[in-house]
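# Structural characterization, general
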Amino acid sequence: MRRLSLSALLAPLSTIALAGAIACGGSSYNATGPNPSPTPTPSGNGMTVQATPSLAFSPDSLTIQSGATVTFAFGSVAHNVYFDPQSGTPADITGDNANVNVTRTFSTAGTYHYTCHIHPFMHGTVVVK
Ligand SMILES: [Cu+2]
């Protein structure tokens, strides 16, 4: 007489398989990730003027201390920055500037007006104390 019991052989295997399935179900959710900062950070010691696709400098007027920088952040529409001729102006930002940041240092106190020559109605002012 043979008393082979297949179920007796398989029972331990199915128990192990079931335990493995339970253990694999507890995958952890990784909640950490890049944290988007809601406010733009100033670049260096300076201020930023956005040259916007809506054809304006924003802000169109700002006041800085002498020696500080202004970064002109050009968006998807090309602009440039030409300063009204006077002593102490930084170099003009010539040509077509899109999707690029250009920084200028203002070393001399004064009031500096500038214009985009592509859009002559675009004006801005930097007051250096
Ligand atoms: Cu422009």
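Residues numbered from 1 in each chain as written. Predicted model: local features only at pLDDT ≥ 70, side-chain atom pairs only at ≥ 80, totals over all residues.

## Examining the overall build of the protein chain
Here is the rule: The helix count covers DSSP runs of H or I at least four residues long, the strand count covers runs of E at least two residues long, and both are numbered beginning at the N terminus. Once C-beta atoms are placed from the backbone, each residue is buried if 20 or more other C-beta atoms lie within 10 Å of its own, exposed if 12 or fewer, and partly exposed for counts between those two. Contact criterion: two residues are in contact if their C-beta atoms, reconstructed from the backbone, are within 7 Å.
Counting its regular elements, the protein chain contains one helix and nine strands. Reading the secondary structure of the protein chain in the N-to-C direction produces α-β-β-β-β-β-β-β-β-β. Looking at the 129 residues of the protein chain, the share that counts as buried comes to 13%. Considering only intrachain contacts with a sequence separation of at least 6, the fraction spanning at least 24 residues in the protein chain is 50%.

## Regarding the sheet that holds strand β4 (residues 69-74)
In sheet architecture, strand pairing relies on hydrogen bonds along the backbone and comes in two forms, parallel and antiparallel. For the record, the criterion: When DSSP finds at least two bridges between two strands, those strands are taken to pair.
Here four strands make up an open sheet; going across it, the order is β2-β1-β4-β7 and the pairing mixed. Each edge of the open sheet is held by one strand with a lone partner, namely β2 (57-58) and β7 (100-105). By the bridge criterion, five bridges tie strand β1 (residues 47-51) to β4 in an arrangement that is parallel. Opposite threonine 48, over in β4, you have threonine 71 as the bridge partner.

## Some points on the nonpolar core
This is how the line gets drawn: The term nonpolar core means buried Ala, Val, Leu, Ile, Met, Phe, Trp, Tyr and Cys residues held together as one set by C-beta atoms within 7 Å.
By size, the foremost hydrophobic cluster in this structure holds twelve residues: Val49, Ala51, Phe57, Val70, Phe72, Phe74, Val81, Ile93, Phe106, Tyr114, Cys116 and Val126. Mapped by element, the contributors of at least two residues to this core are β1 and β4. The contacts of valine 81, once residues within four sequence positions are left out, are Phe72, Asp92, Ile93, Tyr114 and Cys116.

## What about the sheet that holds strand β5 (residues 79-83)?
Filter applied, for reference: Each axis is a line fitted through C-alpha atoms, and for a helix only the stretch in contact is used; angles between axes span 0 to 180 degrees, taken between their N-to-C directions.
Strands sit in the order β3-β9-β8-β5-β6 across an open sheet of five strands; the sheet is mixed. In this open sheet, the two strands that pair with only one neighbour each are β3 (61-64) and β6 (93-97). Across the sheet, the mean angle from the axis of one strand to that of its neighbour is 20°, orientation sign disregarded. When strand β8 (residues 110-115) meets strand β9 (residues 123-128), the two strands line up antiparallel, connected through six bridges. From the neighbouring strand, threonine 111 faces β9, where its bridge partner is valine 127.

## So, the confidence of the model for the protein chain
Put simply, the rule reads: Think of pLDDT as the predictor's per-residue confidence, scored from 0 to 100.
When pLDDT is averaged along the protein chain, the result is 80, and 65% of the positions lie at 70 or above. Below pLDDT 50 for its whole length, residues 13-28 participates in zero contacts with residues either more than four positions away or in separate chains. Note that pLDDT drops below 50 for residues 37-41; the model gives that stretch one contact with residues more than four away or on any other chain.

## Digging into unusual backbone geometry
The omega angle of the peptide bond from serine 58 to proline 59 is -5°, so this bond is cis rather than trans. Summarising the element assignment, proline 59 is placed in the loop between β2 and β3. The backbone of asparagine 99 sits at a positive phi, close to 55°, despite the residue not being glycine. Residue placement: asparagine 99 occurs in the loop between β6 and β7.

## Some remarks on the environment of valine 70
Mapped onto the elements of the fold, valine 70 is located in strand β4. By the C-beta count within 10 Å, which is 24 here, valine 70 ends up buried. It is 7.0 Å that separates the C-alpha atoms of valine 70 and valine 49, two residues lying 21 residues apart in sequence. The contact partners of valine 70, leaving out residues within four places of it in the chain, are Gly46, Met47, Val49, Ile64, Arg104, Phe106 and Val126.

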